Amino acid sequence: MSDKFQLELKKLKDYTLEMGEFSVGMFTDSLKALKDMDEVLAEEVHDRKKKLAYYSNKIDEETLRMLTLYQPVASDIRLISCISQMNTSLYRLGRNGKDIAQLTTSLPNTPHLKVFNSICHMAEYVTEMINDALESFKTEDPSKLLDLEKRDNYVDDLQEAIFRESFTYMMEDNRNISRCIEYVMISRYLERMGDHACLMGEKIYFMIEGKKLEFH
Amino acid sequence: MENHETILETKKLNLFYGDKQALIDVDLSVYKNHVTALIGPSGCGKSTLIRCFNRMNDLVSDCRIEGQVIYHDQNLYSPAVDVVHMRKKIGMVFQQPNPFPKSIYDNVAYGPRVHGIKDKKILDGIVEKSLMQAALWDEVHDRLDDPAMGLSGGQQQRLCIARTLAVEPEIILMDEPCSALDPIATAKIESLIDDLKKEYTVIIVTHSMSQASRVSDFTGFMYLGKMIEFGETEKIFTSPDEELTNNYITGRFG
């Protein structure tokens, strides 16, 4: 197809990377706000949801437009189908950031419990998985995708550990309940984000290699 | 692909027009009751290849062929082959609709008559069946004696397909059958191709990649006389193995 199409495709890819950065930003800032109990930052993250929706709608429109006008095939259709999945996953990621920010403002500001360290570790770990997926998408080097399944299993284990630990705190002292419920919910968000890293990873791998790689 | 019955096969097929080599070591298996599309840029050898399948290249004076085209365990190029009979079994439809300047009826009945059928009743049956199969019957059944040249381009092309079907071929070769037709006529021929594969095997050369992806089960991509890649159409159009195939079908060259 024409150079025009390739140029538009490149622009769409860059725009997706831009959305990726924006979504990851919402996600990491929401956790930072939670950690520092910074309600101003939390509010600000919450307000970014409009821009997030704009990114997502724009990518939706663009992919549909390009499918209609150019009927892409082979590596081109693989790229567009990958972007479509990434749009869903990155939108979810940003929205989870919004939800975490909301928890920060709506729940009482009691000090964090020790189990929060595990939340921070889990958050960093999941963010790295997502960043590796985005990096592979950018460079078209699939090497960082290969162990995503293993890493996702570790994330699942972390979630279970956080759940059990939070449960112990809640049984110990019912004043811990609101914080611990928050932790349980966030660990669930983080676990879902690990799944989204894998979903994106599968599509990115297919985009690059033309072969399926399935994470279970 | 292992489960499909091969009806036609080329083995190390090389073809020369004088000094110029147009086909280089082409190995291809055509599967029975499936549609095989040949794609590639102009001059890649796809039309040359399809013409080898019923020896249309015999008419080109400085054309020389090495290798084999196997059909029913016999090399089509062996001297023992009866070319007239072979062309009855392997029919061809061309780019430009080319009906004879006769009536619709006579166009379809022409082949069977040449092959010795004289009984009017039998001929009537063949004409009706062929026109039905070519999805033309409903449009022409009340004016079979009208001149074929009065039909529209799309109808003429379907008439040519009916004419091919009338002699009960096994394989139908189509060399860009829709490139002279409008989109509606093209859609009719495409849906016809899909119906035809129940009883016949179709090999189609097309310049339209979207047509290849719509109508075919298998696709072969040719470039500079070589068969670069052959495989299931879905695979070729989503994740071809060869970089060259990818670059061609995504329009990066050609």
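Let us look at the structure shown here. All residue numbers refer to positions counted from 1 along the written sequence of the respective chain. Here chains are named by letter from A upward and ligands by number from 1 upward, in the order in which they appear as written. The predicted nature of this model means local features are confined to residues of pLDDT at least 70 and side-chain atom pairs, given and counted, to a pLDDT of 80 or more, with totals for whole chains, interfaces and linings taken over all residues. Excluded from the side-chain calculation are hydrogens and water; included are all heavy atoms of the structure.

Let's shift gears to the overall build of chain A. Each helix corresponds to a stretch of at least 4 residues labelled H or I by DSSP, and each strand to a stretch of at least 2 residues labelled E; elements are numbered beginning at the N terminus. Looking only at helices and strands, chain A has seven helices and zero strands in total. The secondary structure elements of chain A, listed N-terminal to C-terminal, are α-α-α-α-α-α-α. It is over C-alpha atoms that the radius of gyration is taken, and the globule rule equals 2.2 Å times the number of residues to the power 0.38. On C-alpha atoms alone, chain A measures out to a radius of gyration of 19 Å, which is about the 17 Å that the 2.2 N^0.38 rule sets for 216 residues. For chain A, the spread of C-alpha atoms along the principal axes amounts to about 65 × 35 × 20 Å. Summary of the burial criterion: residues with accessible area below 20% of their type's maximum are buried, those above 50% are exposed, and those between are partly exposed, where the area comes from a 1.4 Å probe applied to protein chains only. Across the 216 residues of chain A, 51% fall into the buried class. Contacts are assigned to residue pairs that have any heavy atoms within 4.5 Å of one another. When contacts within chain A are restricted to residue pairs at least 6 apart in sequence, long-range pairs at least 24 apart make up 83% of them.

For the rest of this paragraph, the subject is the packing of helix α3 (residues 49-70) of chain A against helix α4 (residues 74-106) of chain A. The angle between the axes and the distance between the axes are what describe a pair of packed helices. All names here are of chain A. With their axes 10 Å apart at the nearest point, α3 and α4 run at an angle of 165 degrees to one another. Here α3 is positioned roughly antiparallel relative to α4, judged by the angle of their axes. With respect to the hand of their crossing, α3 and α4 are arranged in left-handed fashion. Within the contact between the two elements, α3 uses Lys49, Leu52, Ala53, Ser56, Ile59, Asp60, Thr63, Met66 and Leu67 and α4 uses Ile77, Ile80, Ile83, Asn87, Leu90, Tyr91, Gly94, Arg95 and Lys98. In terms of residue class, the contact of α3 with α4 is built from 10 nonpolar, four polar and four charged. For helices, the fitted axis covers only the stretch in contact; all axes are lines through C-alpha atoms, and the angles between them, taken along N-to-C directions, range from 0 to 180 degrees. Our angle categories are set so that under 35 degrees counts as roughly parallel, over 145 as roughly antiparallel, 65 to 115 as roughly perpendicular, and the remainder as oblique. With the far helix as reference, a near helix turned anticlockwise by less than a right angle produces a left-handed crossing, and one turned clockwise produces a right-handed crossing. Residue polarity is assigned by list, with Asp, Glu, Lys and Arg as charged and Ala, Val, Leu, Ile, Met, Phe, Trp, Tyr, Cys and Pro as nonpolar; anything else, Gly included, falls into the polar class.

This brings us to the interface of chain B and chain A. It is common to report an interface's size as the accessible area lost on association of the parts. Opposite the nine residues of chain B that make contact, chain A presents 10 residues. Between chain B and chain A the total buried area reaches about 800 Å² when both faces are included, carbon and sulfur atoms providing 45% of it. The term buried area refers to how much accessible surface (probe radius 1.4 Å) is lost by two components on association, counted for both of them together. Among the residues chain B hides against chain A, the three largest losses belong to Thr238, Thr250 and Arg252 of chain B. Together they make up 47% of the total. Between Lys or Arg on one side and Asp or Glu on the other, a salt bridge is scored when a side-chain nitrogen of the former is within 4 Å of a carboxyl oxygen of the latter. One can count one salt bridge joining chain B with chain A. Residues Arg252 of chain B and Asp76 of chain A are paired through a salt bridge, measuring 2.9 Å at the closest nitrogen-oxygen approach. Polar contact is the term for a pair of N or O atoms within 3.5 Å; when the atoms are in protein, one must be able to donate a hydrogen and the other to accept it, and sequence-neighboring residues count only if both atoms are side-chain atoms. The tally of links between chain B and chain A comes to six residue pairs in polar contact (both at pLDDT 80 or more).

On to the layout of surface pockets. Unoccupied space between atoms shows up once a probe the size of one water molecule is rolled over them. Using protein atoms alone on a 1 Å grid, points that fit a 1.4 Å probe yet trap it form a cavity, whereas open point sets bounded by protein on both sides within 12 Å along at least five of seven lines form a pocket; residues with an atom within 4 Å of a point count as lining. Grid points are joined across faces, edges and corners, and a volume is the space filled by probe spheres set on the points. The calculated volume of the largest pocket comes to roughly 580 Å³. Arg87, Met92, Phe100, Arg163 and Val167 of chain B are, among the 20 residues lining the largest pocket, the residues nearest its centre. Counting only elements with at least two residues in the lining of the largest pocket, the list comes to α2 (83-89), β6 (90-93), α3 (104-114) and α6 (153-165) of chain B. With four residues, the top contributor of residues to the lining of the largest pocket is β6 of chain B. Tallied by class, the residues present in the lining of the largest pocket amount to 11 nonpolar, six polar and three charged. In this structure, the second largest pocket spans a volume of roughly 490 Å³. If you trace the second largest pocket, you find 22 residues lining it, with Ser75, Arg78, Glu140 and Met207 of chain A together with Asn246 of chain B closest to the centre. Put simply, the parts of the chain that give the lining of the second largest pocket at least two residues each are α1 (3-36), α4 and α7 (177-209) of chain A together with α10 (243-249) of chain B. A per-class count over the lining of the second largest pocket returns five nonpolar, five polar and 12 charged.

Here we come to unusual backbone geometry. All names here are of chain B. At Lys12, a residue that is not glycine, the phi angle is positive and equals roughly 45 degrees. The topology assignment puts Lys12 in strand β1 (residues 6-17). A relative accessible area of 48% means that Lys12 is categorised as partly exposed. Unusually for a residue other than glycine, Glu168 sits at a positive phi of about 50 degrees. Considering the arrangement of structural elements, one finds Glu168 in the loop between α6 and β7 (171-175).

Under the convention used throughout, the expected extent of a helix is 1.5 Å for every residue step, that is, one less than its residue count. Between its first and last C-alpha atoms helix α7 (residues 183-196) of chain B spans 20 Å; for 14 residues at 1.5 Å apiece the expected length is 20 Å, and the two agree. At its buried positions, α7 of chain B is contacted by β3 (35-39), α4 (120-133), α6, β7, β8 (201-205) and α8 (209-215) of chain B.

This part is about the sheet that holds strand β5 (residues 74-75) of chain B. Residues and elements named next belong to chain B. In space, the four strands of this open sheet follow the order β2-β1-β4-β5, with antiparallel pairing throughout. Edge positions in the sheet fall to β2 (20-31) and β5, since each has one partner strand and no second. In terms of strand pairing, β1 meets strand β4 (residues 63-71) through eight bridges, oriented antiparallel. By the bridge assignment for β4, Lys11 is matched with Gln68. Two strands are counted as paired when DSSP detects at least two bridges linking them.

Bear in mind that shape data such as this cannot, by itself, settle questions of function.
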